[in-house]
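Examining the three-dimensional arrangement
Next come the chains, spelled out residue by residue.
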Amino acid sequence: MAEENPSIGSGMVGMFNAFVDPAGLAKAVKAKLFWLWPLIIVSIIFVVFGYLMMPYTLQLGEVRLAQQNVPPERLENARNMTRTITQVFVYLVPVFIVLFTMLGAWLVAVTGSIVGLRAKFRDIFSLMMATSLIASLQYIATYIVLRSKGDEITSQEQMTPAFGLDIFIPAHGVLLTLLNFFSIFQIWSLVILALALASLTGSSKGKAFAAITPAWLIPLIFRIIGSMFGGGGSSS
């Protein structure tokens, strides 16, 4: 007898398995519209906390304008443009989440087929949407750190608090970016994603970890490029 797919209700509850139960997540991901529920929650978190973080983002924008030596007659227009772009970006975050997750899911599917792991794009996309709930915790934690410190924002480094090995290892440049990228939240989400994918497909954990390489490699490349132009990284 064919295995019955989970109901919408069980899928809504099952997405919270993304935090602790990869096997349970793999079962829940079969539910209809499963991907929609984590998308809604993650979008709300990023919009709300993006709005709360806007003062810090605008402070950083002011610092960058000062570094560019913008002429006084153009300064106010530049400030208005920065403010408008920041506000628009906050509300476009859900769109970017969907697009980047779709790209990541497609690349994971391609990599998976190369290593002999077979999974539907829809299931991979749903798994990645669910594990993005963990990434949203880092966004919340970032706001809490910035709010608790209360420091004036003067660099991009302050916008990326240390949640990884950069807590313990002083570093600069690309090494700092690497240490900061692999935060406890990032590692947590990648482990859950790989284990859930292995459970979903019945493949080995090694193949699953190999298949999810694009899920961390592509964002890491973008982070490194961004750090080269924006002085990214983290300082604790």
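Residue numbers restart at each chain and count upward from 1, following the sequence in its written direction. Predicted model: local features are reported for residues with pLDDT of at least 70 only, side-chain atom pairs are reported and counted for 80 or more only, and whole-chain, interface and lining totals are derived from all residues. Water and hydrogen atoms play no part in the side-chain values, which are based on all heavy atoms of the structure.

1. Quick look at helix α3 (residues 36-52)
- Its 17 residues place the ends of α3 24 Å apart at the C-alpha level, agreeing with the 24 Å of an ideal helix rising 1.5 Å per residue.
- The rule is simple: take the accessible area with a 1.4 Å probe, protein chains only, and divide by the maximum for that residue type; under 20% is buried, over 50% is exposed, in between is partly exposed. Only DSSP runs of H or I with at least four residues qualify as helices, and only runs of E with at least two residues qualify as strands; both kinds are numbered from the N terminus onward. Taken as a whole, α3 has its buried residues at W37, P38, L39, V42, S43, I45, F46, V47, F49 and G50. In this scheme, a helix's expected span is set at 1.5 Å multiplied by one less than its residue total.

2. Comments concerning the packing of α3 against helix α4 (residues 54-67)
- Interaxial angle, 0 to 180 degrees, is taken between N-to-C directions of lines fitted to C-alpha atoms, where a helix line uses only the stretch in contact. Between α3 and α4, the least distance of the axes is 4 Å, while the angle of their chain directions is 55°. It follows from the interaxial angle that α3 and α4 lie oblique. Contacts from G50, Y51 and L52 in α3 reach M54, P55 and Y56 in α4.
- For the contact of α3 with α4, the residue count by class is five nonpolar, one polar and no charged. The scheme is simple: roughly parallel for angles under 35 degrees, roughly antiparallel for over 145, roughly perpendicular for 65 to 115, oblique for anything else. For this analysis, residues touch if any pair of their heavy atoms sits within 4.5 Å. Each residue is assigned to one class: nonpolar for Ala, Val, Leu, Ile, Met, Phe, Trp, Tyr, Cys and Pro, charged for Asp, Glu, Lys and Arg, and polar for all the others, Gly among them.

3. Details of the nonpolar core
- Note on terminology: a nonpolar core comprises buried Ala, Val, Leu, Ile, Met, Phe, Trp, Tyr and Cys residues joined through side-chain atoms within 4.5 Å. Ranked by internal contacts, the top residues of the largest apolar core, which has 41 residues, are L25, F34, L127 and L197.
- Elements with a contribution of two residues or more to this core: α2 (22-28), α3, α5 (72-114), α6 (121-149), α8 (184-201) and α9 (205-211).
- The leading source of residues in this core is α6, at ten residues.
- In contact with L25, not counting residues within four places along its chain, are G14, M15, N17, A18, F34, L127, A130, T131, I192 and A196.

4. Some remarks on the pattern of salt bridges
- In what follows, salt bridge is the name for a side-chain nitrogen of Lys or Arg lying within 4 Å of a carboxyl oxygen of Asp or Glu. In total, this model carries two salt bridges according to the counting rule given.
- The partner of D123 in a salt bridge is K30, with the nearest N and O atoms 2.9 Å apart. With D123 in helix α6 and K30 in the loop between α2 and α3, this residue pair connects regions lying 93 residues apart in the sequence.
- Note on K30: relative accessible area 32%, which makes it partly exposed.
- Put simply, K30, R122 and D123 are held in one network by salt bridges that share partners.

5. A few points about the packing of aromatic side chains
- For this analysis, a ring pair means two rings from Phe, Tyr or Trp (six-membered ring only for Trp) whose centres lie within 6.5 Å, classed as stacked if their planes differ by under 30 degrees, edge-to-face if by over 60, and tilted for the remaining angles. Considering all chains together, one arrives at ten aromatic pairs under this definition.
- With centroids separated by 6.0 Å and ring planes inclined at 55°, the aromatic side chains of F19 and W188 adopt a geometry described as tilted. A residue pair is termed long-range when its members are at least 10 positions apart, and F19 in the loop between α1 (8-14) and α2 and W188 in helix α8 qualify at 169 residues.
- Judged by relative accessible area, W188 falls into the partly exposed class, the value being 31%.
- When the centroid spacing of 5.6 Å and the interplanar angle of 85° are considered together, the rings of F163 and F185 count as edge-to-face.

Note that all results are geometric; they support no functional claim without further evidence.
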